[in-house]
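Observations on chain architecture
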Amino acid sequence: MSFVDTTSTVKLNTGAEMPLVATGSGVGFDPAAQAAAPQWLLTALQAGYRHIDTAAIYGTEAAVGEAVRKSGIPRHEIFVTTKLPLNGFTRVKQSFEHSLKQLDLEYIDLYLLHSPTPIAYEDGNHFPTNPDGTTRVDNSISIHDVWADMEALLETGKVKAIGVSNFSPKTLEPLLKKAKVVPAVNQVELHPYLVQEDLRQYCKSKGILLTAYTPSGRETVRNDPKVVELAAKYNVTPTQLVLGWHLARGVPFITKSTNVERQKENLKLPVVAAEDVKQINALDRGERIQSKQFWVNGTLFGWTSEQYGW
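Here, residues in each chain are numbered from 1, in the same order as that chain's written sequence. Per-residue local features of the predicted model are confined to residues with pLDDT of at least 70, and side-chain atom pairs are confined, for both listing and counting, to 80 or more; whole-chain, interface and lining totals are unaffected and use all residues. The side-chain quantities take in all heavy atoms of the structure and omit both hydrogens and water.

Turning next to the packing of helix α8 (residues 225-234) against helix α11 (residues 274-281). Axis separation between α8 and α11 bottoms out at 10 Å; the angle between their running directions is 160°. With respect to α11, the axis of α8 lies roughly antiparallel. For the element pair α8 and α11, the recorded crossing hand is left-handed. Residues Lys226, Leu230, Lys233 and Tyr234 of α8 form the contact with α11, whose participating residues are Asp276, Gln279 and Ile280. Three residue categories are used. Nonpolar comprises Ala, Val, Leu, Ile, Met, Phe, Trp, Tyr, Cys and Pro, charged comprises Asp, Glu, Lys and Arg, and polar comprises the others, including Gly. Grouping the constituent residues of the contact of α8 with α11 by class yields three nonpolar, one polar and three charged. Every axis corresponds to a line fitted to the C-alpha atoms, with the helix fit spanning only the stretch in contact, and the corresponding angles, defined between N-to-C directions, vary from 0 to 180 degrees. For the purposes of this entry, the term helix denotes a DSSP run of H or I that reaches at least four residues, the term strand denotes a run of E that reaches at least two, and both are numbered from the N terminus. Oblique is the label for any angle not under 35 degrees, not over 145, and not in the 65 to 115 range, which are roughly parallel, roughly antiparallel and roughly perpendicular in turn. In this scheme, a crossing is called left-handed if the near helix is turned counterclockwise away from the far one by less than a right angle; it is called right-handed if the turn is clockwise. Any two residues having at least one pair of non-hydrogen atoms within 4.5 Å are treated as being in contact.

Quick look at the structure:
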């Protein structure tokens with residue numbers, strides 16, 4: 001059986017090379033879990049990962065910077081992605097500087113607009129709420145202004161590329177109308193139950209690299225009979241099979257494990273044959289798994305599915 005070269009990179013529209021496989025760093029809001037992150041992020045780097053994905057809201061930016069420095073690996077060999085706070089639309093410059101300080105690195109490789117949702121700013125509260133429990137948004141905020149502030153960050157030399165996350169063609173179109181810089185990346189939930197082929201093709205046509213989070217689809221997808229069957233065919237775990245499927249489609253991904261052996265395992269991925277890629281594609285049901293827990297009264301962070309373009 002052939003294995004994929006998981007140390008490979010893909011060229012962004014900036015010309016920069018981004019590693020195909022990233023380790024995530026989200027651990028929820030538990031301070032103890034955040035404090036433990038530097039150690040397992042370090043083992044991920046030692047296992048061979050050269051891309052770490054974090055975000056202001058994860059509370060692990062400092063842990064990422066610590067792991068990078070402790071690794072002894074030259075900074076230019078590690079690709080670091082972080083994201084604007086969900087409520088940072090009116091505070092792009094301040095938020096970026098805070099992330100850079102938390103990371104304690106000279107620069108950030110990729111800075112993402114975490115969501116198209118204009119969550120209202122409230123100091124110390126990522127999710128201000130309305131009386132009905134829905135997230136409070138400020139729809140007077142212009143996506144053009146936000147993106148212009150993101151573009152201005154490039155002029156500082158402290159960030160190499162900018163992109164977006166959780167965007168659809170419906171939310172990308174207005175951004176692109178006035179954008180001077182096309183987003184390098186669109187990071188979205190993507191797995192066999194949410195294949196997003198139309199979005200992949202749309203982004204490709206615009207020069208935007210679609211990247212997957214929640215790439216294995218968690219137990220929901222990993223326990224699917226077809227996934228289990230094909231994993232046995234390749235003599236790999238369901239996770240390895242699905243991660244190999246992503247790379248067969250040309251989709252980079254962010255995976256995460258705090259376990260050293262699983263970190264290594266998730267870098268040993270099979271070359272999935274075209275006919276099996278088709279079988280996995282056929283599992284698509286448009287199901288969003290990662291965000292299920294965050295929906296309130298028909299909205300996700302203050303927006304409906306229609307507003308997101310889903």
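Side chains that carry opposite charge are capable of pairing whenever their charged atoms lie near each other. Should a side-chain nitrogen of Lys or Arg be within 4 Å of a carboxyl oxygen of Asp or Glu, the pair is scored as a salt bridge. Summed over all chains, the structure comprises 14 salt bridges. Salt-bridge contacts for Arg69 lead to Asp104; the nearest nitrogen and oxygen are separated by 3.8 Å. Taken together, the positions of Arg69 in helix α2 (residues 61-71) and Asp104 in the loop between α3 (92-103) and β6 (108-113) put the pair 35 residues apart, joining distant regions of the chain. Salt-bridge contacts for Lys264 lead to Glu261; the nearest nitrogen and oxygen are separated by 4.0 Å. Placement of both Lys264 and Glu261 in helix α10 (residues 260-265) is noted, with a separation of three residues, approximately one turn of the helix. Members of the salt-bridge network, linked through shared partners, are Glu197, Arg200 and Arg249.

The subject of this paragraph is the packing of aromatic side chains. Whether two aromatic rings pair depends on their centres lying within 6.5 Å, for rings of Phe, Tyr and Trp, where Trp uses its six-membered ring; planes under 30 degrees apart make the pair stacked, over 60 edge-to-face, and the rest tilted. In total, this model carries six aromatic pairs according to the counting rule given. With 5.2 Å between their ring centres and 20° between their planes, Phe127 and Phe301 make a pair best called stacked. Within this pair, whereas Phe127 is found in the loop between β6 and α4 (143-154), its partner Phe301 is found in the loop between β12 (299-300) and α12 (305-308), the two being separated by 174 residues in sequence. Considering the side-chain rings of Tyr308 and Trp310, the 4.3 Å spacing of their centres and the 10° angle between planes classify their relative orientation as stacked.

Looking now at helix α9 (residues 238-248). When accessible area is computed with a 1.4 Å probe and restricted to protein chains, residues below 20% of their type maximum are described as buried, those above 50% as exposed, and intermediate ones as partly exposed. With nine of its eleven residues buried, α9 lies for the most part within the structure. Buried within α9 are the following residues: Thr239, Gln240, Leu241, Val242, Leu243, Gly244, Trp245, His246 and Leu247. Trailing α9 by a residue or two, Gly250 shows a phi angle of about 75°, which is positive.

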